[in-house]
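One-letter residues, chain by chain:
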Amino acid sequence: MIPENLTALVGRSRRFLISSHANPDGDAIGSEIGLARLLRQAGKEAQIWNFHPTPATYRALPDSASIHSGAEPPADFPTAFDCAVILECPTLDRTGLAEALVQLPLANIDHHLGNPAYGVANWIDTSAPAVGVMVAALGRELGLVVDPETADCLLLALVSDTGGFRFSNATPDAFEAAATLVREGARPERVSQWLNESQPEGAVRLLGEMLGTLELYGGGRVATVHLTQAMFARAGAVAGDSEGLVDTPRTIAGVETVALLRETGPGQWKVSLRSRGPVDVQAVAQRRGGGGHKNAAGCKVAGELESHKHELVAELLSALEARHDA
């Protein structure tokens, strides 16, 4: 159910700023572009602003070249905007732009657990398989037509966040949403090409670097990998090229949980966690100030790599044992 105060805010506003979390992924970029296109169709103005640049994989999406990125706001901020819509971002600080964004009324559209409802209008649906599905529903609620290129972007958001319909959020609603988007003109083959056949060379070389760090624990049930800044340099890769790499160790038979630690600065690590079935990695991330979903979560930690890795492995093994004992 879309909150009435959200549709009212969107209805009366004319100039929108759209943002999402730092290091935007497929659901973030697809949802942002999809929403911007829907708003423009309604005769409104929309500008996307992200802290980090658009990953190379998503630069083929329509209108991606118009996304503003970096710490500096778009021209005439904040007076050029009536409100900001924050998509797929459980806490405002994860945008990297919180100090600026709070100058505008905020609409918060998200599906993550633990979102504290930081907007003046909040639509948080933890059962939604992707925020792209929520954006499509909002557009239809406003009487807007989802054209084929917009449907492509929103289908990419859905396919990306369900891992190609392999994750536990690949619910009946997810398949029904995909079918609706295809009926509206989305082209699955185009979306597949964007996601699976548009990787920059650096991303493929970075995968090789990461696989060299693979370690298995608990009889092969827990896998860890890591990426240092030196590995990025050798691969000729940038931060966005690591998106999705955490899913590769999960393809190993018997692996139930994965931890990827990516160095973002000296002694600074971004942790990505993945799991299967009932194992709750969101709880592991939350204890470190992060969050996400039960089977896909993340956080940031500071300190020595091996220490954090061993702590994470111990917690993941405990989560696995708790599942088996239940």
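Quick look at the structure, then.

Here is what the cut-offs are and how they apply
Residues numbered from 1 in each chain as written. Predicted model: local features only at pLDDT ≥ 70, side-chain atom pairs only at ≥ 80, totals over all residues. Heavy atoms only, no water. Axes fitted to C-alpha atoms, helices over the stretch in contact; angles between N-to-C directions. Helix = DSSP H or I, 4+ residues; strand = E, 2+ residues; numbered from the N terminus. Parallel < 35°, antiparallel > 145°, perpendicular 65-115°, else oblique. Contact = heavy atoms within 4.5 Å. Nonpolar A, V, L, I, M, F, W, Y, C, P; charged D, E, K, R; others polar. Phe/Tyr/Trp six-rings, centres within 6.5 Å; stacked < 30°, edge-to-face > 60°. Buried < 20%, exposed > 50% of the residue type's maximum accessible area, 1.4 Å probe, protein only. Salt bridge = Lys/Arg side-chain N within 4 Å of Asp/Glu carboxyl O. Pairing = 2+ DSSP bridges. Expected span 1.5 Å × (residues − 1).

As a packed pair, helix H2 (residues 26–41) and helix H4 (residues 131–141) sit with axes 8 Å apart at the nearest point and diverge in direction by 10 degrees. Our classification of the angle between H2 and H4 gives roughly parallel. For the pair formed by H2 and H4, the contact residues are Asp27, Ser31, Gly34, Leu35 and Leu38 on the first element and Val131, Gly132, Val135, Leu138 and Gly139 on the second. Of the residues in the contact of H2 with H4, the class split is five nonpolar, four polar and one charged.

Tallied over the full model, the rule gives three aromatic pairs. Of the aromatic side chains, those joined through ring pairs into one cluster are Trp49, Phe77 and Phe81.

For H4, a buried count of eight out of 11 residues is recorded, marking the element as mostly surrounded by other parts of the structure. Following H4 by one or two positions, Gly143 adopts a phi angle in the positive range, close to 80 degrees.

This next bit is on the pattern of salt bridges. Enumeration according to the criterion identifies 19 salt bridges in this entry. Here Arg234 makes a salt bridge to Glu209, at a shortest N to O gap of 2.8 Å. Of this pair, Arg234 sits in helix H9 (residues 229–235) while Glu209 sits in helix H8 (residues 201–211), and the two are 25 residues apart along the sequence. Note that Arg221 is salt-bridged to Glu321, the shortest N-O span being 2.7 Å. Pair noted here: Arg221 is in the loop between strand E7 (215–217) and strand E8 (222–227) and Glu321 is in helix H11 (residues 305–325), with a separation of 100 residues, a long-range link. Under the relative-accessibility criterion, Arg221 is labelled buried at 18%. By relative accessible area, Glu321 is classed as partly exposed at 34%. Salt bridges linked by common partners bring Arg37, Arg40, Asp63, Asp147, Glu149, Asp152, Arg187 and Arg190 together as one network.

Time to look at the sheet that holds E8. As summarised here, the arrangement of the six strands in space is E7-E8-E9-E10-E12-E11, forming an open sheet in which the pairing is mixed. Two strands lie at the open edges of the sheet, namely E7 and strand E11 (291–292), each paired on one side alone. As paired elements, E11 and strand E12 (residues 296–302) share two bridges and run antiparallel to each other. The partner of Gly292 across the bridge, within E12, is Ala297.

To continue, consider unusual backbone geometry. That bond from Phe77 to Pro78 is cis: its omega, 0 degrees, falls within 30 degrees of zero. Within the element layout of this structure, Pro78 appears in the loop between strand E3 (68–69) and strand E4 (83–87). At Asn23, a residue that is not glycine, the phi angle is positive and equals roughly 50 degrees. Tracing the backbone through its elements, the reader meets Asn23 in the loop between strand E1 (15–19) and H2. When its relative accessible area of 25% is taken as the criterion, Asn23 is described as partly exposed.

All right, on to the side chain of Thr228 then. In this structure, Thr228 sits in the loop between E8 and H9. Classification of Thr228 by relative accessible area gives buried; the value is 18%. Aside from chain neighbours lying at most four places away, what touches Thr228 is Glu263 and Trp269.

Attention shifts here to the environment of Gly298. As for its position among the elements, Gly298 is in strand E12. Judged by its relative accessible area of 19%, Gly298 falls in the buried class. Each C-alpha atom, one on Gly298 and one on Ser242, is 14 Å from the other, the two residues being 56 residues apart in sequence. The contact partners of Gly298, leaving out residues within four places of it in the chain, are Val271, Ser272, Ala285, Gly290 and Gly291.

Time to look at the environment of Arg234. Arg234 sits in the exposed class, given a relative accessible area of 54%. Between the C-alpha atom of Arg234 and that of Leu206, which follows or precedes it by 28 residues, the distance is 8.2 Å.

Here the focus is the sheet that holds E1. Pairing in this open sheet of six strands is parallel, and the strands run E3-E2-E1-E4-E5-E6 from one edge to the other. The open sheet has two edge strands with one neighbour each: E3 and strand E6 (121–124). Here four bridges tie strand E5 (residues 106–110) to E6, and the two strands are oriented parallel to one another. When the bridges of E6 are listed, Ile109 appears paired with Trp123. Where H2 meets the sheet, its contacts fall on E1, strand E2 (45–50) and E4, and the angle it forms with E2 comes to roughly 165 degrees. Along the sheet face, H4 touches E4, E5 and E6 and points at about 120 degrees away from the line of E5.

Relative to the 20 Å expected for 14 residues at 1.5 Å per residue, helix H5 (residues 148–161) spans 20 Å between its end C-alpha atoms, a close match to the ideal helical length. The buried fraction of H5 is high, at 12 of 14 residues. Listed in full, the buried residues belonging to H5 are Thr150, Ala151, Asp152, Cys153, Leu154, Leu155, Leu156, Ala157, Leu158, Val159, Ser160 and Asp161. Where H5 is buried, its residues touch H2, H4, helix H6 (172–183) and helix H7 (188–196). Positioned one or two residues after H5, Gly163 has a phi angle of 60 degrees, which is positive.

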